[in-house]
Structures are given as C-alpha cells and as structure tokens.
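# Examining the three-dimensional arrangement
These are the residues of each chain, in order.
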Amino acid sequence: MLQRSRRGGRPFFYPRVAEPGTGDIHLEWVEATGLGTVHATTRVRVRPPEADYNVAVIELDDGPRMLSRVEGIDAADVAIGLRVAARIVPFEDHHTVVFTPFGGDRTEEGTRS
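Residues numbered from 1 in each chain as written. Predicted model: local features only at pLDDT ≥ 70, side-chain atom pairs only at ≥ 80, totals over all residues. Heavy atoms only, no water.

Looking at an unreviewed UniProt entry, one finds the protein named ChsH2 C-terminal OB-fold domain-containing protein and attributed to Sphingomonas panacis.

If you want it as structure tokens, here you go:
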C-alpha cells in the first residue's frame, strides 16, 4: 500500500502525515502494483560462511523509490534495469518488503504488495 493525496496526487513512500511538496493532509491509501525496476544497487561482501547480499533502490511502477534488497538471485547478478516484484517477508521481530526477479507474468504469486 502507498499513500497519496485524495485529490489524486502521485503515490509516495515512506508513509507520512502530509504529502511531500504540498503539505496536503487529506491522504488515502492505494494499492501498489508490487512491480518495479532496480534503479541502483550495491553488493555487500561479508565473510564466509555468510553469503554476500545486495542493497538496492527500487523504482516502483507507481512512482516512488524505496530502499530494499533483491532476493532469489546471487547478489552479483542484481543489475540496474532488472524488473522485480515485491513480497513481504518476516524479518527479525517485524515484516519487511523485499523484491525478487520478475518474469513478466502478472499472475505470478507474490507480485502484490
């Protein structure tokens, strides 16, 4: 889910009490497509036996960008322009949004956020 102004503003992320730029406080929640594209990425190298991981900026098809990670492929294979789908996973004592490579089938499980 993403927030936007009830006046039809563009969705934004992270959730706030007022719309960025306008200060409009009349906000609503809208369902996100759950799809996006890797805008930037870096590989974080760690000592074995832990596996390297990536940190990526994902540009959502809905407009906002968010910082997350891409799972399901090797950290070295995450590249700018990679199409991804969101999914929510348990993380420590809460849940978080991560992304997996997206093959283009909108009915693929886990493509909604």
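That covers the picture; the talk isn't over yet.
### Re the pattern of salt bridges
Note the cut-off: Salt bridge, as used here, is a side-chain nitrogen of Lys or Arg placed within 4 Å of a carboxyl oxygen of Asp or Glu. Only protein chains enter the calculation, and the probe is 1.4 Å; a residue is then buried if its accessible area is under 20% of its type maximum, exposed if over 50%, and partly exposed in between. Strands here are runs of E lasting at least two residues and helices are runs of H or I lasting at least four, both read from the DSSP assignment and numbered beginning at the N terminus.
Considering all chains together, one arrives at seven salt bridges under this definition. For Arg 65, the salt bridge is made with Glu 59, and the minimal N-O distance between the two is 3.2 Å. Here Glu 59 falls in the partly exposed class, since its relative accessible area comes to 30%. The residue Arg 83 makes a salt bridge to Asp 61 at a minimum N-O spacing of 2.8 Å. A residue pair is termed long-range when its members are at least 10 positions apart, and Arg 83 in strand E6 (residues 83-91) and Asp 61 in the loop between strand E4 (53-60) and strand E5 (65-68) qualify at 22 residues. With a relative accessible area of 29%, Arg 83 lands in the partly exposed category.

### Focus on the domain arrangement of the protein
The cut-off we apply is this: Domains are outlined according to an automatic or database domain assignment. Contacts: residue pairs with any heavy atoms within 4.5 Å of one another. Here the quantity called buried area is the accessible surface, traced with a 1.4 Å probe, that two parts lose on coming together, added over both. Side-chain classes follow a simple rule in which Ala, Val, Leu, Ile, Met, Phe, Trp, Tyr, Cys and Pro form the nonpolar group, Asp, Glu, Lys and Arg form the charged group, and the remainder, Gly included, forms the polar group.
Examined at the domain level, the protein breaks down into domain 1 (1-31) and domain 2 (33-104). Here domain 1 and domain 2 have C-alpha centroids that lie 24 Å from each other. On the side of domain 2, seven residues touch domain 1, which itself brings six residues to the contact. Summed over both sides, the interface of domain 1 with domain 2 buries roughly 470 Å², with 67% coming from carbon and sulfur. It is Leu 2, Arg 10 and Phe 13 in domain 1 that bury the most area against domain 2; as a group they hold 71% of the surface buried on that side. The interface formed by domain 1 and domain 2 holds zero salt bridges in total. Within the side of domain 1 that touches domain 2, the residues separate by chemical class into four nonpolar, no polar and two charged.

### Some points on unusual backbone geometry
In this structure, Tyr 14 follows Phe 13 across a cis peptide bond, with omega equal to 20°. By the secondary structure assignment, Tyr 14 is in the loop between strand E1 (2-5) and strand E2 (27-30). The backbone phi angle of Glu 92 is positive, close to 50°, even though this residue is not glycine. Tracing the sequence through the fold places Glu 92 in the loop between E6 and strand E7 (94-101). Assessed through its relative accessible area of 71%, Glu 92 is described here as exposed.

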